[in-house]
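Spelled out from the first residue to the last, the chains are:
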Amino acid sequence: QDAGGTAPDLAQFPRNETVIVHNPEGIIRNPSWFNLWAVGAGNGTSNGLHNLTTDTLWFIDPDAGIEGASENAVYNSLADDLWQYNADFTEMSVKLKQGIFWSDGVEFTADDVVFTVEKQKATPGTPYNGAFSAQVAEVTAPDKYSVHFKLNAPNSRFHALFSVRWTAAWIMPKHVYEKVEDILTYDANPPVSIGPYTLHSFDPNGTWYIWQKREDWQRTALGMIAEPKPKFVIYRNNITTDNRLIEIRNGNLDMVHDLTPEGTFAVVKDDPQIQGWFPGFPYAHPDPTLPMIIFNHQNEKFQDKRVRWALALMLDARAMSMASYRGAATLSAISVPPTGTHPRDYHAPLQDFLINYEVDTGTRKIKPYDPNIGLQIADMVRPQFGDAVPTDEAAVRNAFGYGWWKQDVAAAEELLTAAGFTKNGNQWMMPNGEPFAFELMVPQEGVINRLGVMIAQMWSQAGVQATAQVDSDPWGRQRVGNYETNIAWAVETWGGHPDLSFFLDSYHSAYVAKPGESQPDRNWMRWTDPRLDTIIENIRKIDFNDPKGIEYGHEFVKLHLEEMPNIPIMAYNVFSIQSNRFWTGWPNAENPYANPVTNWSNGRYIFTQISPVAG
Amino acid sequence: MFAVLRDLIRYNAEFTIGLILVGIVAIFAALSFFSPVDPTQIYLAIPDQPPSAQYWFGTNSRGQDLFWQLSAAFKNSLIFGITVAVLSRIISIAVGLAAGYLGGWVDRVLMFINDIFVAVPIFPILVLFYFVLRNHMDSFTMALIMACFGWPFDARLIRSVALGLKHREFTRHAVFAGMSTRKVLLEEHLPYVMPIVFSTFMNNMLWSIGMEVTLAVLGFTNINNPTIGTVLYWANSHSAMVVGVWWWVLIPVILIVITFVGLFLLAVSMNEYIDPRSRLRRMGA
Amino acid sequence: MGDNILEVEALKAYYQMSYFGVNREVRAVDGITMNVKRREVYGIAGESSSGKTSFIKVLAAAIRPPLRVIAGSATYDFGGKPTDVTVATPAEIDAIRWRHLSYIMQGSMSTLNPVRRIGRIFEDFAARPLGLSGSAFRQRVVEHLGHLKLPPSVLNAYPHELSGGMRQRVTIGLATVGKPDFIIADEPTTALDVVVQKDVLSLIKNLQTEMGSSIVFVTHDMSVHANIADRIGIIYAGRLVEEAPTRALFTAPKHPYSAHLVASLPRIGDTTQRPALEGRPPSLAAPPAGCRFHPRCPLAIDKCKTEAPPLLAVGPDHRSACWRAADVEPLVPGHGRVGVTA
Amino acid sequence: MQGYLWFAAKRFIQLLAVIFFGVSAMFVVTYLSPIDPVEQVLGRLSARSNLSPEAIAATRLALTEMFGTDQPVLTQYVNFWSRLLRGDLGASLMAFPTPAMELVLRAMPWTLGLLLTSTAITFVVGNLAGGLAGYFQNSRLLKAFGIVTMGLQPIPYYIVAFIILIVFGYLWPVLPISGGFAMDVRPGWTLPFILSVLQHSLLPALSLVLVGLGGWFIGMRALVSNIVTEDYVTYAELAGVRRDTIVGDYVIRNALVPQVTALAMVIGGVFSGTVITEQVFNYPGMGSLLVDAVNAGDYSTVLAVCTISIAAVALAIFIVDLLHPLLDPRVRAE
Amino acid sequence: MSALLEVADVGKRFQMGGILGRQEVRAVDEVSFAIAADKPEIFTIIGESGSGKTTLARMILGLERPSSGRILFRGEPVHHENKADRLKFMANVQPVFQNPFEAFNPLKRVDRYLQSTARRYLGARDKAAIEAAMDGALQKVGLSLAEIAGRFPHELSGGQLQRVAIARALIPNPPLLIADEPVSMVDASLRMAIVNLLKALRDDFGVSVIYITHDLATAYYISDRLIIMQKGRVVEMGPARAVLDNPEHPYSQLLKASVLSADDAGAGNLKPANELLQFSNDRLSRADASRLEERADGRRVRV
Ligand SMILES: Nc1ncnc2c1ncn2[C@@H]1O[C@H](COP(=O)(O)OP(=O)(O)OP(=O)(O)O)[C@@H](O)[C@H]1O
Ligand SMILES: Nc1ncnc2c1ncn2[C@@H]1O[C@H](COP(=O)(O)OP(=O)(O)OP(=O)(O)O)[C@@H](O)[C@H]1O
Ligand SMILES: [Mg+2]
Ligand SMILES: [Mg+2]
C-alpha cells in the first residue's frame, strides 16, 4: 500500500474481490425498501438495486457498448432479439431468452413480462401505470418465451419503455408480487434478483449496500455475456464531494460518480492510479444531455427569433467553457449532445452546413459559426495542464467539441435593432420602450451554476439586464413555466443510438401546456412550430433503426438552428473517475465500452470487463 | 463622548486593541464602496492566484480578486449581522424590560411568546422561507427573520435584571416623580441592561453570521450575493481546501477571527466602562 | 506585647485604583495607632465611609486589591510567634484564621452562600479549624447554636429561610464556634430591629465573657457602643480622632466630633432640640489639609486648617487628636451647639 | 407540596400551549412553502426515462390523491392535529407510505447519541474551565485556554469541521470520516459494533466540542467573575474554606442556574440535528433528514422533526422551570 | 374636623411561601386611624420588622390594594384606575425614601427627578416656571437649585441627597408625606438633620408626615401621635409622648426596654428583657380574640 491512505477496514471484504462504488444518491430514507415498482417510496435506486438485480428486455448504451455483445449500442438483455412491430406499429412482439432464473430458483418466463404490464396497468402509483394504461391494449404470452403487445395507437417507439438508457420498465418477479396484496406497501426485503447479484447487507441508516455474486450468475442475462468479476459490490451513497476525493485517495472507493473539475484535476495529478474518461484533459465523461439556455416562449420577451439569435451571438464560448468547466467542456452548437455516437451521426456530417450557415441580421448576412473554438480552448488550457491536453485535432474535437458561434456583438446589435429594439446608453430597450431585462434561473450546484452566472454576466456587458437567479429547486418552476430564461437541458438522447425520439417526441405542440400549468418534460421552452410537429410525426412513423431517422434528425437540427428556441452550449460533462489501485479495465474514451457514470443501470456491464490488480 | 473615547483608547489596552481590530475590518469592508470591480462578476482575473503584490489576497477559482470579493462579503455580512443584532436587541430590550417591570399578565404573555420563539426551530423556518421567498429573500429579509428569533434568550436575561431593578428604590422614586412607564424603562432601567446588550450584541452577530454561513454552505441563500457564507460556499464548491487554494478559506477565517476578537475586546472594555457597579465603585458608594 | 493581643502601629491602608487613566487613591486608613487588650471589647465608631470597614479589613487580614497597606503594622499575639498580618504569608494567616482570629463581616444578608444549607456552611468554615468531623462536629455546632438560641433545625435551612436576626446569629455562630481569641465584628446588628438587636448584642457579650476573647466591634450607633464596648475609638476620615474608655467618652469627650456623636443621640423622654452636624463628610481621596474635621468643626482655629493634630493622651487610657481638646465640653442637651469654654 | 403541584400543573398547561402554538406556526410555514411533493416524486421518476406526457399526467393524479395534497388547508390542519393527538405523524411523502415517525426514529438515536454526548462534554468542560478561569484569573493555562476558545469560536463551524476532516481523514488518515459505523459489523449491542460507533463518532464529536466550548466558557467566566465579588465568597475565603469547596460549591454552583437554563434551550435544539456535521462527516441524523424533507416537500417529516424539536425544547424549559427551585433554594420561597 | 386621610379597618393578606407550600400572611390586620386636614402632625408608625409598616404605607400610597377596609384621602379612595386621577392623588401624597443613595439612579443627574415632578404635577411647561418650582422646594429643605443642578448622586452627600428627595416630594405642595424609615440607612450624624427637617416641614409648611421607623427615640423626638404595630396589628396607639413615656401593652414595653441607652454608657446593660418578651408572646398568642380599648389619656391599647 502506498503511504497516501489507510487500508479500508473491511476485513470481510477482500479488496481483490470487492468493488466499492460511489452512488450519488443522498441518504436513502427508506433503506429497507427494495420494491422498485412503487413510486416515491424513498428507496434507493442506483444503490445497486437497478444496477445489479433488475433486468428488462433491452439496454441501449450511451456509449459504444461492448463489442460483440451489443449492436449499434443495443443489447438484447432478457429479449433474445430486437423488437418486432407489425406494419402500422400497432403490435409488438418479442422473443425472450431461455435459461434465465430468478435468484430464488424460479425460472423467468413470458408470464413475468405479462404480469409486469398488467399489474402496473391496474395499479395507480406504479411507475409505468400511466404509460401502460395509455398505450397497451392487451398483452399476452403466446408461449413461455414470447410476449405479444397490442397497442391502443400506432407507436414505433413502444419498445423504448423496455429499453434501458438510465432505467426502464423493470420486469417484476410474478411469483413474488402476485402474492402481495398491495404492492405499493410491499418492501420486497430482501429483493428477488434477476441480475447476477443478491443483497448481502445494507446500512439501516441508508448509506451503503453490499451485494454478493450469485452462485448461479450464469443463469442471468449479464452472466451470459461474461462473468462479473467482483464477488462483492459495495455501493456507498451520501458522500460529499470532498469526502469522495479523500475516500478514493485512501482506497475506500473504486469508482466515483462525479467530482468538481478542480477536485478532479487535483486528484488525478495527485494519484497516478486514478483515471478519468479522457486520459488527459478534460477527463470528464460527456453525458448524453445538453445544457442550454432555455427561453420561455410563452414570455413575450422571447417571441422573436432574432432576439434569441442576438442573445446567442453575445456569448463567448471560450468564456463559458472556462467558467463552467475550467475549459473541460465539450461544446455543441446544435441541439444534439456531442457524446456517444452522435459526433459520428450529427456533428461531423453537419460541420460543413454549420460553417456555411448564414444568419440575416437585417442589414447583412453573417456566417456565425467558428469551427475552431475547441482548438482555441485547448490552446488556452495547455499552459496549465501541458501534456495532459491532447494535440491531435480529431482528439481535440472529440474532447472540446466541434465548434460554436463566434461572439459577434455587432451582429447581435443589428439583430436586436431589426427586431425593433433600441439602445439607450449601454442598455437595450424593448420595442415597448421598457428596458430589456430578465432573469436567468440557474441551479445552485456545480458547473451549470457557474455557466449561468457567466452567461448573465456576458449579457449584462452587452447591454441586456440579465441577472442570474439561483434556485435550489428549478425543476418545479421549470415544469410550470415559471421562469423567463433558464439553464437546464431540454435534450437527452440515447447516446449510443442516433434516434432522437427520446426527447423529441414530447416537443410536439399537442403537449404544450398553458402558462402556469405543468408542462410535460423536455420541451421546457414550450416551443411550438408546425414544421417541428411534422418532423416528430414522421419519426413516429418509422422504425427505431430506420436510417431515415438520422435524416429527420438532421432536419430537426436545421429547424432548430433557424429558430434558435434555446441555445445549446455543451455536453453535460461528468467528472467520473476510477481508481486502478485494486481493479483495472475501466471504460474510457479509448475503450468506450460503457458509460462510467455509476448511477446508470448500464454500469453493470463494467463489472464483466474489469479485473482485480492482485490475485 | 469624545473624551470618553479618548480616555478609553489611552488607558484601556483592550479597548484600543479591539478598536484597532474592528477598525481594520470595518475599513476593509468599507473599501468595497470604492471597489474597482463588481464583486458579482466572475472571470475578471486569472483564477487560483496565490496572494501576491498584485492580488493581495490572491484570486479564487472563479477568477475574482479575493481582496475586493472579501471586502464586499465582509461589508454585506457585517451589515447583516449588525442589522440582526440591532433589531433583535430592540425586541429583546423592549420585551425584557417590559416583562420584568410590568410583571403580571404582561410578563406571563410575553414570556409565553418567548417560550414559543425559543421552541420553534429556526433552521427549517429559514429554509422554508427561502423556498417561499426565493429571490425576494434578500439579506434584509433574512435579517428580519433572524431578528425575530434572535431575541428570546437575551430578553430573558434582560428580564431577570429588570425584575431586580423593579424593586429598587430609584424606580419607585421615578414613578412618584411622575415619570411615565416608557420613561422609567428607557431612562432608568435601560442603562443597567446595557452591559448585557453589549455582550449579547456580539454573540448575536456571531450567531447570525454563523447561521448565514450554514445556510449559504447548504445553498439556501442567494449565493450570488457576496457574504462570508457565500465565499465559503463557492470555495467549497470548487473544492478549494483539498485542491490547495487555501487562501480562499484561510483569509476570510482570519478576518472573521479578527472581527470577533475585536468585538469581544470592545464589548468587555465598554462594559467595564458602563457597568454601573464599576461606576458605583468609582463614586465610592 | 504583654497585655495587648493586637498592636496597630501607624497603619496606612489606601485603595489605589487606576480607572481609565484616573489614578485615585482613597486614604481609607491613614495612620492609625492603637491596641486591643486581652478580653477587651474595643468599639470603633465613626461616620459612614470614614474607613471603619477598611481598617477592619486590614485587621482581619482581608487585604486585597485595590486595598493596599502602605505603611505600618498590625501584629497579633496569640501566645506563639506574633503575627503581623500586613506582611504575613498566606500560610501564616491560614494558621491563625478561625482558630484564633475570626471575622463577622458587614451585611449578614450577603455573607451566606444562598444555595448552601447552614449545616454545610458550618462544615466549610469550622470543621477544619476545629479538627472535628462527623457527629462530634455536629454536636459541637448544635451546642454552640444553643448558646445563640438557635434550634438545631437551622442547620437544615437555607439562609433565605431565616429571619434577619437568625441569619445574623448564624454569622456570629460561624465566627465564634471555634472559640477564637480575637473576633472582629463589623456592624453585626445594623438593620436589626431593637428587640432583636439587643438580643444579639447580649449573646455576643456573653460569648465573649465565656470564651475570654477580645472583640473589635464596629458600628456607628453610639448607643450600641455605650452598652458593649470597654473602650471606644472614634474614626473620622481615616484617622483615629479619639480613643477613650466608654464611660469617659460619653461623659467627657475630648474631640468635638465625638462630642457631637454623643450629643446627637436622642432619648426617650427628652424632646429638646438636637443638633445636626453641618457640612459634608470629607472625601478620602482629597481629604482637607490639617485636621480633617476642621471644615465642620465649631471650634476650628487657623492652626486646624494647616496642621494635623496628633493623637495625644488627655487622660487615663484617653487619647484625642484635637488642638483644642481641652476646650471640648460635653454638649449639654438644649444648647444646640457644641459647647465651648473659652 | 400542594403549591408545587399547582405550580407544575400551571406550568404544564403552558407547556402544552407552547407546543400547540409552535407546531401550528410550523404548519403554517410549511404550508406556505411552494415545493410540491408530487412534483418532486415525478421529477425523480421522469428525469431519467422517457415517459410520455400522458403517462406523467396520470401518475400526477394518482400521487396527488395518495398524498392528500389537494385538500383545503383547514382540512389538512384539522387532520394533522387529530392524527398527531393519536400519536401519528402521518406518512412520509418522500418515502411513501413509510410513517414519518419511522424516519425520525431511525435518525434520532444517532443525533441524540452524538449531540447529547458532545453537548454534555462541552457543557461540563466549558463550564468547569470557564468557572476556573473566572476564579483563578491569573492562571496562565486558563488564560491560554480562553484565548484558544475565543479564537476558535468565531470560525464558522463548517470550516472547523472541515479542517478536522482533512487533518484526520486525509493528511493523517487515522479515523473514519464517513458513516455511523463500519460496513463489516452488524448493528446490535455487540462490542465490535459499539467500538465502531464510538470510533466513527470521534471526529464529528470533536468538531462539535471544539466549537461548542467557547460559548459556555465565556459565559461561565463572565458569570463567575461577578460572583467572586459577592460577599459570601469573600467571607468564605477569609474563613479559610477549602479552595475546591469555594470554587465548586460557592462560585460555580451559584453560576449554574443561568447556565442550566441556557442548557435547556440548547438541549432542545439538539433534536433538529446539525446539518453541517452530518453533511461533512456523512453522519446519520435528523439534520439531513430535515433538509431532505424540506427539499422533497415532505411536510409530514418536516413537521414530525419540528414537532419533536418543539416538544423537546418546551419540555426542557419546563423541566428546568420545575428544577429551578431545587437548583436555587431561594426560588422556592418567592 | 375633616379628615385628610382616613384609614378604616384596613387589612392586607398575602399568599406567602413559594411554590413549595404556601400560607397566608396577615401583613396588616384591621388598622384604623385618621389624620386631620387642619392640624398638621407627624404621625409615627413603630413596630418590629415585618410588622406590616411598609405594607401599610404602600396601601396609603395606593400601590397596594387593601384586602379589607378602606383608605380615604380627602374622602376619596386612594386607589385610582384612571391615570389622571392617580396623578392628581400622587400630587397630594408623596413618599420619602429609605435610602438616599438608592433613591436616585446613580447613572442619572439628580435634578431630573425634580424637573419631571414639576412638569407632571404642576403642569409647568416653560423652563423658568419649572426651575422656579424646583428652587422653591429646594429652598424649603435648605438647598438651592444652583447647588444641585447638573449633579450626579455621587457628587452629593447622603444628607443632601435625602434633602433633595424630600424637596422633590414637596414640589407639588402635598399636604401629606409618607416617610418609610427615612433615617434607618443614614448614619448618626445625618439622622438628626433629616429628622429635624421633617419637624420643620410640619411646623413651617404645614405638611403632615407619616413617619415610619423602629427607632423609638426619634419617634419620641418628633412625633405627635404614634401607633405601635406587632405582626400586622396595632397594639397601642395614641399621643406619642404619653405612650412612650408609659407604654402599657407588653410589646410596647418590650420595645421600650430594648432601646439601648447611652445613659449608662460603659455599664453594659444588655440583659434582654426576657420577661417582657414572654408577656408579649403570650399576648400575641391570644391576639385573635383581642380588641383595642380606649384609655383616659387618649391612647388605645390592645387587650
Ligand atoms: N473596594 C473599594 N474600592 C475603592 N474604594 C473603596 C472600596 N471600599 C471602600 N472604599 C472607599 O473607602 C472609604 C472607606 O470605606 P469603608 O467601607 O471603610 O467605610 P466605613 O466606615 O466602613 O463605612 P460604612 O459605615 O458605610 O460601612 C470610602 O470612601 C469608600 O468609598
Ligand atoms: N408582596 C408581598 N408578598 C408577600 N408577602 C409580603 C409582601 N410584602 C410584605 N409581605 C409580608 O408582610 C409582612 C409585613 O411586611 P412589611 O414589609 O410591611 O413589614 P415592615 O414592618 O415594613 O418591616 P421592616 O421593618 O422590615 O421594613 C412581612 O411578613 C412580609 O414578609
Ligand atoms: Mg463599613
Ligand atoms: Mg419596611
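Chain E is annotated in an unreviewed UniProt entry as ABC transporter ATP-binding protein from Devosia insulae DS-56. Under the heading Sequence similarities (unreviewed entry), UniProt records this for chain E: "Belongs to the ABC transporter superfamily."

If you look chain B up in an unreviewed UniProt entry, it shows as Peptide ABC transporter from Devosia insulae DS-56. Its UniProt record, at the heading Subcellular location (unreviewed entry), says of chain B: "Cell membrane".

Undergrad: Give me the lowdown on empty space enclosed by the protein, citing residues and values where you can.
TA: Applying the stated criterion to the full structure yields 13 cavities of 30 Å³ or more. In this structure, the second largest cavity is lined by Ile27, Ile28, Arg29 and Asn205 of chain A together with Leu103, Arg106, Ala107, Pro284 and Gly285 of chain D.

Undergrad: Can you lay out the arrangement of the chains for me, pointing to particular residues and giving the numbers?
TA: Counting contacts across all 8 pairs of chains that touch, the top-ranked interface belongs to chains A and D. The two units chain A and chain E never meet; even their closest C-alpha atoms stay 46 Å apart.

Undergrad: Residue-level account of the sheet that holds strand 15 (residues 289-295) of chain A, with values.
TA: All names here are of chain A. Spatial strand order, 23-22-24-15-25: 5 strands in an open sheet with mixed pairing. Of all the strands in the sheet, the pair left with one neighbour each is strand 23 (465-471) and strand 25 (566-568). Ignoring strand direction, the axes of neighbouring strands in this sheet form an average angle of 40°. One ladder, built from 6 bridges, connects strand 15 with strand 24 (residues 485-492); its direction is antiparallel. Residue pairing in the sheet places Ile294 in a bridge with Asn486 of strand 24. Across the face of the sheet, helix 14 (residues 446-461) comes into contact with strand 15, strand 22 (437-443), strand 23, strand 24 and strand 25 while running at roughly 165° to strand 22.

Undergrad: For the UniProt feature "transmembrane region" (unreviewed entry) in chain B, give the residues involved together with the corresponding values.
TA: All names here are of chain B. The sites that UniProt annotates as "transmembrane region" (unreviewed entry) are residues 12-34, 78-102, 109-133 and 245-274. Helix makes up 78% of residues 12-34 and strand 0%, with an end-to-end C-alpha separation of 33 Å. Secondary structure across residues 78-102 comprises 100% helix and 0% strand; the distance between its end C-alpha atoms is 35 Å.

Undergrad: Any chance you could break down the site of ligand 2 for me, citing the residues and the numbers?
TA: Residue and element names in this part refer to chain E. Taken together, 13 residues form the shell around ligand 2, and within it Gly50, Gly52, Lys53, Thr54 and Thr55 come nearest. Contacts to ligand 2 include Gly52, whose backbone N or O atom sits 3.0 Å from an oxygen atom. The separation between an oxygen atom of ligand 2 and a polar main-chain atom of Lys53 is 2.9 Å. Considering ligand 2 on its own, with 630 Å² of exposed area, one finds that the protein chains cover 65% of that surface. For the shell around ligand 2, the leading source of residues is helix 1 (residues 53-60), giving 3 residues.

Undergrad: Just give me the short version of the interface of chain C and chain E, but keep the residues and values in it.
TA: Opposite the 41 residues of chain C that make contact, chain E presents 45 residues. Between chain C and chain E we count 0 salt bridges in total. For the pair chain C and chain E, the interface holds 3 residue pairs in polar contact (both at pLDDT 80 or more). Put simply, the parts of the chain that give the side of chain C that touches chain E at least two residues each are helix 6 (194-211), helix 7 (222-228), helix 8 (246-251) and helix 9 (256-263) of chain C. No other element matches helix 6 of chain C, which puts 8 residues into the side of chain C that touches chain E. Here the residues of the side of chain C that touches chain E sort into 17 nonpolar, 13 polar and 11 charged.

Undergrad: Explain helix 2 (residues 37-46) of chain D to me, and be specific about the residues and the numbers.
TA: Every α-helix carries 3.6 residues per turn, so stepping three or four residues along brings you back to the same face. With respect to burial, helix 2 of chain D is a largely interior element, 9 of its 10 residues being buried. Inspection of helix 2 of chain D places Pro37, Val38, Glu39, Gln40, Val41, Leu42, Gly43, Leu45 and Ser46 of chain D among the buried residues, and these make up the whole buried set. Packed against the buried residues of helix 2 of chain D are helix 15 (474-479) of chain A together with helix 3 (53-67), helix 12 (286-296) and helix 13 (299-327) of chain D. Structurally, the start of helix 2 of chain D carries an N-cap: the backbone nitrogen of Val38 of chain D is 2.9 Å from a side-chain oxygen of Asp36 of chain D.

Undergrad: So what about the side chain of Ser88 of chain B? Which residues, and what values?
TA: All names here are of chain B. Take Ser88: it is sitting in helix 3 (residues 66-102). A polar atom in the side chain of Ser88 sits 3.3 Å from the backbone oxygen of Ala85. Residues within four places of Ser88 in sequence aside, it is in contact with Ala147, Gly150, Trp151 and Asn204.

Undergrad: A description of the sheet that holds strand 3 (residues 74-76) of chain A should follow, citing residues and the corresponding values.
TA: Residue and element names in this part refer to chain A. Spatial ordering of the open sheet is given by 3-2-8, a layout of 3 strands whose pairing is mixed. One side of each edge strand has no neighbouring strand; the edge strands of this open sheet are strand 3 and strand 8 (163-164). For strand 2 (residues 58-60) and strand 3, the ladder comprises 3 bridges, and the chain directions are antiparallel. Residue pairing for strand 3: Ile60 is matched across the bridge by Val74.

Undergrad: An account of unusual backbone geometry is needed here, citing residue identities and associated values.
TA: In most cases, non-glycine residues show a negative phi, while peptide bonds are predominantly trans. Residues Asn189 of chain A and Pro190 of chain A are joined by a peptide bond in cis, for which omega reads -5°. Here Pro190 of chain A lies in the loop between helix 4 (174-177) and strand 9 (197-202). In this chain, Phe281 of chain A is followed by Pro282 of chain A through a cis amide linkage whose omega measures 5°. Unusually for a residue other than glycine, Asn238 of chain A sits at a positive phi of about 55°. Classification of Asn238 of chain A by relative accessible area gives buried; the value is 19%. Positive phi outside glycine occurs at Trp98 of chain C, with the angle close to 65°.

How each quantity is defined
- Residues numbered from 1 in each chain as written.
- Chains lettered and ligands numbered in written order.
- Predicted model: local features only at pLDDT ≥ 70, side-chain atom pairs only at ≥ 80, totals over all residues.
- Heavy atoms only, no water.
- UniProt positions renumbered as here; feature names shortened; annotations may be inferred.
- 1 Å grid on protein atoms, 1.4 Å probe; cavity = no way out; pocket = protein on both sides within 12 Å on 5 of 7 lines; lining within 4 Å.
- Points joined across faces, edges and corners; volume = space filled by probe spheres on them.
- Contact = heavy atoms within 4.5 Å.
- Pairing = 2+ DSSP bridges.
- Helix = DSSP H or I, 4+ residues; strand = E, 2+ residues; numbered from the N terminus.
- Axes fitted to C-alpha atoms, helices over the stretch in contact; angles between N-to-C directions.
- Near = heavy atom within 4 Å.
- Polar contact = N/O pair within 3.5 Å; in protein donor to acceptor, adjacent residues only side chain to side chain.
- Areas by Shrake-Rupley, 256 points an atom, 1.4 Å probe, with all protein chains shown as cover.
- Salt bridge = Lys/Arg side-chain N within 4 Å of Asp/Glu carboxyl O.
- Nonpolar A, V, L, I, M, F, W, Y, C, P; charged D, E, K, R; others polar.
- Buried < 20%, exposed > 50% of the residue type's maximum accessible area, 1.4 Å probe, protein only.

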